[in-house]
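# Observations on the three-dimensional arrangement
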Amino acid sequence: MLLTVLLGLILSIFLVPFGKFVKSKWSVLLTLVPGLIFVYYLFHISSVSEGSVFFQHTDWIPSLGINFDFKLDGLSLLFVLLISGVGTAIFFYALSYLKGHPFIDRFFGYLCLFMAAMMGVVLSDNILLLFVFWELTSISSFFLIGFNNDNQDSRKSALTALSITGIGGFFLLAGLILIGNVAGTFSFTELIDKRDVLINHNLYPAILGFVFLGAFTKSAQFPFHFWLPGAMKAPTPVSAYLHSATMVKAGIYLLARFFPILGGTDLWMYTLVGVGGFTMLYASIHSLFRVDLKGILAYSTISALGILTFLIGMGTKESIIAASVFVLVHALYKATLFLVTGIIDHETGTRDITVLSGLRKVLPPVFLASGLAALSSAGLPLTFGFIGKDLIYEATLHFEENWALILTILAVVTNTGLVVAGFLAGLKPFTGKLPQSFEKVHLPYKSMWIPPLILAVLGLVFGVLPGVTGNLLNHQAANAILGQETSMHLAIWHGSVNTVLILSLATLACGIFIYLSFKPSYSKLQFIEKFENLSPKHIFKGYAVDIFRFSTWYTNKLHNGYLRSYHLKIILFAEILLGYKLWISGPVSIDFSNLSTLSIYEVGVVLVLIGALFIVVTTPSRLTSVVSMSVIGYCICLIYVFYSAPDLAMTQFSIDTLSTVLFVLVLYKLPGFINFTGKAVLYRDGIVALGFGAILSLIALKVNNEPVVKEITEFYGENSYLLAKGKNVVNVILVDFRGIDTMFETVVLSIAAIGVYSLLRLRLKPTEKE
Amino acid sequence: MRSIILQTATKYLLPILLLFSVFLLLRGHYEPGGGFVGGLVASIAFVLHSFAFGTENTMKILRRKPMSLIPIGLGIAALSVIAPTFFGLPPMTGLWFEEPIPVIGMIGSSLFFDLGVYLVVIGVVLTILFTISLTED
């Protein structure tokens, strides 16, 4: 299991040096990655469907309780198969969709990374490990959404998606840590036994709130849903992958995973049913007003996610079964519709459904795939969507009596909307008269239309054989969510005409009626956009603008680009901090009896030093002042020598030499010495400098007053030869005892050098300059 | 401005300073010295050469960009950090050869670490200084 998760990560690293490979004909080999993972997990179906659970443990940071703990049960298996199965289709598709794109290697790198992260999320048995992968999905999806990074909209949507899911991730982390602290374990398997502790704890509402925020932001629930339509700026294969089977389902997975641990309470139910119910209705109605194919699909996705949240929220046996089936139903038809949209966009150059029509004549196999998916989304009998819809109504009808009616009506309205949305996206572009401009449209590569066709046909196969599918895939998933046996049994025909069937058919009829009578148009889109000011997107944007303004103001104040102002601020801050510390630590005293006598050399050096200092301050020439500065430096070296610190002296000596050279080189290029500074500024700087010097001197004196701690010195003195075989303690500390520090210091030095180099060598063309 | 005195002196000083810097590097474990100071002295040697003969000529005797020393140095230091893990020891454990080598003395992984620091310091100092001095206004 560990390997299947890491495979994508490893591959994405190799795509950096071997990027050319993706541009060659061997690129087809890439699809082996999700393909092999898919096949590997297919072989687990038989044992998992009989109730086995697989575990794998690898130590990572055992001291913090974070390990590579993976668990494969019914729920994980369902998601893993979705991720790798749909992934294989997407990989094939994207190879042709992006053929010839200059950054296709990068694209597959991100895609592999994303797939690996998703696999990690659904296989982790450790909640912190899950979080690591969770964040990785946010980050890799940022790159995928913003793949067309020369487009400003694309960058903006990627950033929106990242900020929303990032904020959610932050809350999720808080929730997970609270769970770990309350329950004393980070393992899902162990947490199930701690359910009572968690639910009865004072912090339960907070935990639930944090986890919900994480799930809602990821799964685009109201009011965080707006990043999802924005994310449609991504290349279509990405939209298909992110929004059908993976990214947005991660939130649903999280809720399902936590259901046996945190679920089943009133708080759980009311929140999820409320949020999910509202989201599904809101988005389903919204989707009818879109004219962009991807816009329709985006809103219908949000609506489907709402349904899933809603079902998990209800928490009855029926609703959990429905959720476990609907995940699969939705993934199959939504991925197909997205891929079809991609083909349409690729071949005709537009996604506007008011323009598209009659494409069945030029793209027959695509029409077949699209039609099947639309029918599945509509829930026509014999499609898998029919089973899914049945189960949803089953769940709402069997809910508590007071609520059953309301929830059922809610579900019917939502589903009617989804029927229409499915038809709009899947059938509308293909029916009607073929406009002249599209007559030359031709079929794309086989690798583009075969994947959606397979997915669509699967929807039909699963629909015809629901019993088999249910047993193999959904039964154990539902068991894992509920934490107990669900005795699920899927069937096309329940033997009699019951309420559920009537509702299903009524939904379909209403949907078809609306589809035929209601035509989306720009005027309707404009009408609905009038409400934009009330939408969460607008409000969030307002906040974002304010924060941006504040940070601009703040940055301009502190970061004004003048080196002298930085120096002044840094030194003043240090003075205040150190001064305060000195003030509260009591007076400084000098023990004159202990002082050694002054030698003539010391007096001489100090006199030279003072003279040089005087020149530095008074000279009108920069060069003179630099040279005098180095005289001061050398004087200090001499003082080190007097007090037997040859290491320090040597280093100081070379540093002084080099910094003088550096100063000269830089100053040489500056214009002549022009005195801009006024008297007041000079006095201010003088006072600040004097203050700093005084404080440092006081600290030096203070150090002598404190009792000397010899332990550290003794430790190094005793051990540097015994442990590190060195007699020069300073050097042994640098290269051995504190070697990691030195290592990172050299890294910092290197970064500084590269920074200087790139700043000075950056040659912008006149057009690139801003 | 080329001074013949400086140039002649530099011709003799450059090898001596470089030798001295290696000496500092090697003795660092027992006496005052070490990779950092050694690296600084070596860079001073090259800076001196660049003053006497011009930076272009110094670049010529260096053959390659001083920046290339940075990854080499970091690589050597990093290798010496992780080398002990190949022997099943925690990273940064000091490894030593059994017998001292003539002239150089005892050799251990910390010497390689110091060598890495030495190279990085030369690379960093020369990169910064030469970049500035070669940049036209």
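Residues numbered from 1 in each chain as written. Chains lettered and ligands numbered in written order. Predicted model: local features only at pLDDT ≥ 70, side-chain atom pairs only at ≥ 80, totals over all residues. Heavy atoms only, no water.

### Structural notes on the overall build of chain B
This is how it is decided: Strands here are runs of E lasting at least two residues and helices are runs of H or I lasting at least four, both read from the DSSP assignment and numbered beginning at the N terminus. Whether a residue is buried, partly exposed or exposed follows from its accessible area with a 1.4 Å probe, protein chains only, as a fraction of its type maximum: under 20%, in between, or over 50%, in that order. In short, Shrake-Rupley with a 1.4 Å probe defines the accessible areas, and a residue's cover is counted only from the protein chains shown.
Each helix and strand in chain B was counted, giving 5 helices and 0 strands. Listed N to C, the secondary structure of chain B is α-α-α-α-α in terms of helices and strands. Residues classed as buried in chain B amount to 47% of the 137 residues present. Carbon and sulfur atoms make up 72% of the accessible area of chain B, which amounts to about 7000 Å² in all.

### Some thoughts on the overall build of chain A
Counted only if it meets this: Positive residues here are Lys and Arg, negative ones are Asp and Glu, while His and the chain termini are left out of the count. In plain terms, the charge of a residue is placed at NZ if it is Lys, CZ if Arg, CG if Asp and CD if Glu.
A count of helices and strands for chain A gives 33 helices and 2 strands. Along the first, second and third principal axes, the C-alpha set of chain A runs to 115 × 60 × 50 Å. When burial is assessed residue by residue, chain A has 50% of its 770 residues classed as buried. For chain A, the exposed surface amounts to about 37100 Å²; the carbon and sulfur share of it is 69%. Taken as two groups, the 49 positive and 42 negative side-chain charges of chain A have centres that lie 14 Å from each other.

### Some words on the packing of helix 2 (residues 35-53) of chain B against helix 5 (residues 109-134) of chain B
Geometry of a packed helix pair, given as the angle between the helix axes and the separation of the axes. Residue and element names in this part refer to chain B. The condition is simple: Comment: axis = line fitted to C-alpha atoms, over the contacting stretch for helices; angle = value between 0 and 180 degrees taken between N-to-C directions. Definitions for this section: a left-handed crossing has its near helix turned counterclockwise from the far helix by less than a right angle. A right-handed crossing has that turn clockwise. We call two residues in contact when some of their heavy atoms are within 4.5 Å. The classification used treats Ala, Val, Leu, Ile, Met, Phe, Trp, Tyr, Cys and Pro as nonpolar, Asp, Glu, Lys and Arg as charged, and all other residues, Gly among them, as polar.
The geometry of helix 2 relative to helix 5 is characterised by a closest axis approach of 8 Å and an angle of 35° between their N-to-C directions. Two packed elements cross with a definite hand, and for helix 2 against helix 5 that hand is right-handed. Seen from helix 2, the contacting residues are Gly35, Phe36, Gly38, Gly39, Leu40, Ala42, Ser43, Phe46, Val47 and Ser50; seen from helix 5, they are Asp114, Val117, Tyr118, Val121, Ile122, Val125, Leu126, Leu129 and Phe130. Of the residues belonging to the contact of helix 2 with helix 5, the class tally is 13 nonpolar, 5 polar and 1 charged.

### Structural notes on the UniProt feature "transmembrane region" (unreviewed entry) in chain B
All names here are of chain B. Selection rule: UniProt positions are given in the numbering used here, feature names are shortened, and annotations may be inferred rather than shown by experiment.
In the numbering adopted here, UniProt assigns the feature "transmembrane region" (unreviewed entry) to residues 12-30, 36-55, 67-87 and 107-132. Within the segment residues 36-55, helix and strand shares are 95% and 0% respectively, and the terminal C-alpha atoms sit 23 Å apart. From the first C-alpha to the last, residues 67-87 spans 32 Å; its make-up is 86% helix and 0% strand.

### Some points on the interface of chain A and chain B
The criterion, for reference: Buried area counts how much accessible surface, traced with a 1.4 Å probe, disappears from two parts once they are put together, with both parts' losses summed. Salt bridge criterion: a side-chain nitrogen from Lys or Arg within 4 Å of a carboxyl oxygen from Asp or Glu. By the criterion applied in these results, polar contacts are pairs of N or O atoms within 3.5 Å in which, for protein atoms, one can donate a hydrogen and the other can accept it, and in which residues neighboring in sequence qualify only through two side-chain atoms.
Listed as interface residues are 39 residues of chain A and, on the opposing side, 41 residues of chain B. Overall, the association of chain A and chain B removes approximately 3700 Å² of surface from exposure, summing both partners, and the carbon and sulfur fraction of that is 75%. Our count for the chain A to chain B interface comes out at 0 salt bridges. In this structure, the connection of chain A to chain B is made through 1 residue pair in polar contact (both at pLDDT 80 or more). At the level of elements, helix 29 (646-668), helix 31 (711-724), helix 32 (729-737) and helix 33 (739-761) of chain A are the ones that each hand at least two residues to the side of chain A that touches chain B. The greatest single-element share of the side of chain A that touches chain B, amounting to 14 residues, is contributed by helix 33 of chain A.

### Some words on unusual backbone geometry
All names here are of chain A. For the bond running from Phe222 to Pro223, omega is 0°, close enough to zero to count as cis. For Pro223, the location among the structural elements is in the loop between helix 11 (204-218) and helix 12 (227-230). Residue Ala220 is not a glycine yet carries a positive backbone phi of 55°. Residue placement: Ala220 occurs in the loop between helix 11 and helix 12.

### A look at helix 30 (residues 679-705) of chain A
All names here are of chain A. Selection criterion: Between the first and last residue of a helix there are one fewer steps than residues, each counted as 1.5 Å, and that sum is the expected span.
With 27 residues, helix 30 should reach 39 Å at 1.5 Å per residue; the first-to-last C-alpha distance of 39 Å fits that figure. Residues of helix 30 that are buried: Val688, Ile695 and Lys702. On its buried face, helix 30 is in contact with helix 26 (563-584).

### Notes on the side chain of Thr383 of chain A
With respect to the helices and strands, the residue Thr383 of chain A is situated in the loop between helix 18 (364-378) and helix 19 (384-397). Among all residues touching Thr383 of chain A, those that are not within four sequence positions of it are Leu375, Ser376, Gly459, Leu460 and Gly463 of chain A.

### Side note on the side chain of Thr301 of chain A
All names here are of chain A. As for its position among the elements, Thr301 is in helix 16 (residues 293-314). A relative accessible area of 0% means that Thr301 is categorised as buried. Among all residues touching Thr301, those that are not within four sequence positions of it are Leu228, His243, Val248, His330, Lys334 and Phe338.

### Topic: the confidence of the model for chain B
Close inspection of predicted coordinates is inappropriate in any region flagged by low pLDDT. Inclusion rule: pLDDT is a residue-level measure of predictor confidence that goes from 0 to 100.
Here chain B shows a mean pLDDT of 83. Residues at 70 or above account for 86%. Across the assembled chains, the prediction reports ipTM 0.88 with pTM 0.71.

### A look at the pattern of salt bridges
Proximity of charged atoms lets side chains of opposite charge pair with each other. All names here are of chain A. If you walk through the whole model with that rule in mind, you get 5 salt bridges over all chains. Between Asp73 and Arg257 there is a salt bridge whose closest N-O contact spans 2.9 Å. Here the residue Asp73 occupies a position in the loop between strand 2 (66-72) and helix 5 (74-97), and Arg257 occupies one in helix 14 (residues 247-262), the gap between them amounting to 184 residues. Assigned by exposure class, Asp73 and Arg257 land together as buried. Asp685 is paired through a salt bridge with Arg684; the nearest N and O atoms lie 3.2 Å apart. Take Asp685: its relative accessible area is 33%, and that puts it in the partly exposed class. Assessed through its relative accessible area of 40%, Arg684 is described here as partly exposed. One network of salt bridges, with partners in common, ties together Asp292, Asp345 and Arg351.

### Side note on the domain arrangement of chain A
Quick note on the threshold: Here the bounds of each domain stem from an automatic or database domain assignment.
If you check the domain split of chain A, you get domain 1 (287-520) and domain 2 (715-770). Averaged C-alpha coordinates put domain 1 of chain A and domain 2 of chain A at centres separated by 59 Å.

### A word on the UniProt feature "domain: MrpA C-terminal/MbhD" (unreviewed entry) in chain A
Mapped onto this numbering, the UniProt entry annotates "domain: MrpA C-terminal/MbhD" (unreviewed entry) at residues 608-671 of chain A. Taken end to end, residues 608-671 of chain A has its terminal C-alpha atoms 30 Å apart, with 86% of it in helix and 0% in strand.

### Quick look at the packing of helix 5 of chain A against helix 17 (residues 317-348) of chain A
Residue and element names in this part refer to chain A. Note the following rule: For classification, angles of less than 35 degrees are called roughly parallel, those exceeding 145 degrees roughly antiparallel, those between 65 and 115 degrees roughly perpendicular, and all remaining angles oblique.
Here helix 5 crosses helix 17 at 5°, and the two axes come no closer than 11 Å. Classified by the angle between their axes, helix 5 and helix 17 sit roughly parallel to one another. For the pair helix 5 and helix 17, the contacting residues are Leu78, Phe79, Leu82, Val86, Ile90, Tyr93, Ser96 and Tyr97 in the first and Ser324, Val327, Leu328, Ala331, Ala335, Leu339, Gly342, Ile343, Asp345 and His346 in the second.

### Section: helix 27 (residues 600-618) of chain A
Three or four residues apart is the spacing at which side chains of an α-helix point the same way, because the helix has 3.6 residues per turn. Residue and element names in this part refer to chain A. In plain terms, the rule: What the arc describes is the spread of directions from the helix axis to the C-beta atoms.
Compared with the 27 Å implied by 1.5 Å per residue over 19 residues, the 27 Å span of helix 27 between its first and last C-alpha is a close match. Taken residue by residue, helix 27 has Glu602, Val605, Leu609, Ala612 and Val616 as its buried positions. Down the axis of helix 27, the sector holding all buried residues measures 95°, keeping them to one side. The exposed set on the far side of helix 27, more than 90 degrees from its buried face, consists of Ile600, Leu607 and Phe614. Summarising the contacts, the buried residues of helix 27 are in contact with helix 28 (622-642).

### Quick notes on the nonpolar core
Within soluble globular proteins, side chains that are nonpolar tend to cluster in buried spots. Basically, it comes down to this: Only buried residues count toward a nonpolar core. Its members are Ala, Val, Leu, Ile, Met, Phe, Trp, Tyr and Cys residues joined through side-chain atoms within 4.5 Å.
One finds Tyr41, Phe108, Leu123, Ile179, Phe258, Leu262 and Trp268 of chain A to be the most contacted residues of the largest nonpolar core, which totals 193 residues. Considering every element that reaches this core, the biggest residue donor is helix 17 of chain A, with 19 residues. What Leu262 of chain A contacts, discounting residues up to four positions off in sequence, is Ile179, Leu198, Ile199, Tyr204, Ile207, Leu208, Val211 and Trp268 of chain A. Within the second largest apolar cluster, 33 residues are counted, among which are Val735 of chain A together with Leu119, Phe130 and Ile132 of chain B.

### As for the pairing of strand 1 (residues 54-61) of chain A
Residues and elements named next belong to chain A. Rules: Between any two strands, at least two bridges found by DSSP are needed for them to pair.
Sheet topology note: the strand 1/strand 2 ladder contains 6 bridges and is antiparallel. When the sheet's bridge partners are listed, Ile61 is paired in strand 2 with Ile66. Here strand 1 hands over to strand 2 after 4 residues, with Gly65 in that stretch at a positive phi of 75°.

### Points about the pairing of strand 2 of chain A
Regular strands place side chains that alternate from one sheet face to the opposite one. Of all the 7 residues making up strand 2 of chain A, 7 are buried; the element is thus mostly covered by neighbouring parts of the structure. Side chains of strand 2 of chain A alternate between two faces, with Ile66, Phe68, Phe70 and Leu72 of chain A and Asn67, Asp69 and Lys71 of chain A buried alike.

### Observations concerning a nonpolar patch on the surface
All names here are of chain A. So the rule is basically this: Patch definition: residues with relative accessible area over 30% and no salt bridge; like charges joined within 9 Å; nonpolar side chains (Val, Leu, Ile, Met, Phe, Trp, Tyr) joined within 5 Å.
A cluster of nonpolar side chains, Leu382, Ile450, Ile454, Val457, Leu458, Leu460, Val461, Val464, Leu465, Val468 and Leu472, forms an exposed patch at the surface whose accessible area comes to about 810 Å². Elements with a minimum of two residues in the nonpolar patch: helix 21 (446-464) and helix 22 (466-482). For the nonpolar patch, the element with the highest residue contribution is helix 21, accounting for 7 residues. Secondary-structure assignment places Val468 in helix 22.

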